[in-house]
Amino acid sequence: MERMIAFQYLTAIIMVTLGIYALLYKRNLIKLILALDLIDSGIHLLLISEGYRLENGLPSTAPIYTGYEGGAMVAPIPQALVLTSIVIGVCVLSLAVALTVNAYRHYGTLDLTKLRRLRG
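Residues numbered from 1 in each chain as written. Predicted model: local features only at pLDDT ≥ 70, side-chain atom pairs only at ≥ 80, totals over all residues. Heavy atoms only, no water.

- Labelled according to an unreviewed UniProt entry, the chain appears under the name Cation:proton antiporter, originating from Pyrococcus horikoshii.
- The record in UniProt for the chain states the following under Subcellular location (unreviewed entry): "Cell membrane". (UniProt positions renumbered as here; feature names shortened; annotations may be inferred.)

Examining the packing of aromatic side chains
Two aromatic rings are characterised by how far apart their centres lie and by the angle between their planes.
Inference 1: Taken as a whole and judged by the stated rule, the model has one aromatic pair.
Inference 2: Relative to Tyr 25, the ring of Tyr 21 has its centre 5.0 Å away and its plane inclined at 45°; by these criteria the two rings are tilted. Residue Tyr 21 and its partner Tyr 25 are both found in helix α1 (residues 2-25); the two are separated by four residues, about one turn of the helix.
Inference 3: On the accessibility criterion, Tyr 21 (45% relative accessible area) is partly exposed. (Phe/Tyr/Trp six-rings, centres within 6.5 Å; stacked < 30°, edge-to-face > 60°. Helix = DSSP H or I, 4+ residues; strand = E, 2+ residues; numbered from the N terminus. Buried < 20%, exposed > 50% of the residue type's maximum accessible area, 1.4 Å probe, protein only.)

Some details on the side chain of Asp 40
Inference 1: Residue position: Asp 40 is located in helix α2 (residues 29-51).
Inference 2: Arg 27 provides the closest opposite charge to the buried, salt-bridge-free Asp 40, at an N-O distance of 20 Å.
Inference 3: In this structure Asp 40 touches Ser 85 and Gly 89, once residues within four positions along its chain are discounted. (Lys, Arg positive; Asp, Glu negative; His and termini not counted. Salt bridge = Lys/Arg side-chain N within 4 Å of Asp/Glu carboxyl O. Contact = heavy atoms within 4.5 Å.)

Some remarks on the UniProt feature "transmembrane region" (unreviewed entry) in the chain
Inference 1: Under the local residue numbering, the UniProt record ascribes the feature "transmembrane region" (unreviewed entry) to residues 6-25 and 80-104.
Inference 2: Taken end to end, residues 80-104 comprises 100% helix and 0% strand; its first and last C-alpha atoms sit 36 Å apart.

Here we look at the side chain of Thr 100
Inference 1: With respect to the helices and strands, Thr 100 occurs in helix α3 (residues 76-107).
Inference 2: Given a relative accessible area of 6%, Thr 100 falls into the buried group.
Inference 3: Discounting residues that sit within four places of it in the chain, Thr 100 has contacts with Leu 29, Ile 30, Ile 33 and Leu 110.

Here's the deal with the packing of α2 against α3
Inference 1: α3 packs onto α2 with a crossing angle of 180° between their chain directions and a minimal axis gap of 10 Å. Taken together, the axes of α2 and α3 are roughly antiparallel relative to one another. When α2 is examined against α3, the residues Leu 29, Ile 30, Ile 33, Asp 37, Asp 40, His 44, Leu 47, Ile 48 and Gly 51 are found in contact with a partner set consisting of Pro 78, Gln 79, Val 82, Ser 85, Ile 86, Gly 89, Leu 93, Ala 96, Val 97 and Thr 100.
Inference 2: Across the contact of α2 with α3, the residue classes break down as eleven nonpolar, six polar and two charged. (Axes fitted to C-alpha atoms, helices over the stretch in contact; angles between N-to-C directions. Parallel < 35°, antiparallel > 145°, perpendicular 65-115°, else oblique. Nonpolar A, V, L, I, M, F, W, Y, C, P; charged D, E, K, R; others polar.)

Details of the environment of Ile 14
Inference 1: Among the structural elements, Ile 14 can be located in helix α1.
Inference 2: For the pair Ile 14 and Leu 38, spaced 24 residues apart in sequence, the C-alpha to C-alpha distance is 9.8 Å.

Next up, the structure:
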């Protein structure tokens, strides 16, 4: 089980790293939006992995049971934070896509370097 937790941390770090790489080196607005979503998903995975606990080698259960005395519960605070962050992330993502569609309709390009030159 400990290997799986280490795998989750490694996957989260790789996702955030790839997202930052794409933000720094890609110039297409759609790719930049996808990079932001990749960073967001990596952070969500990291927060959920932080809330997971192992007790005596046994996995945790969901914190929705009442009267459960069998072992450790998964921490509910990271789950609530991630759920809130997912809702905010979807709103930001939809706004970014709407702005990108309007930029493409108005300027005819999604290349960030060409859009910067059109500032005037």
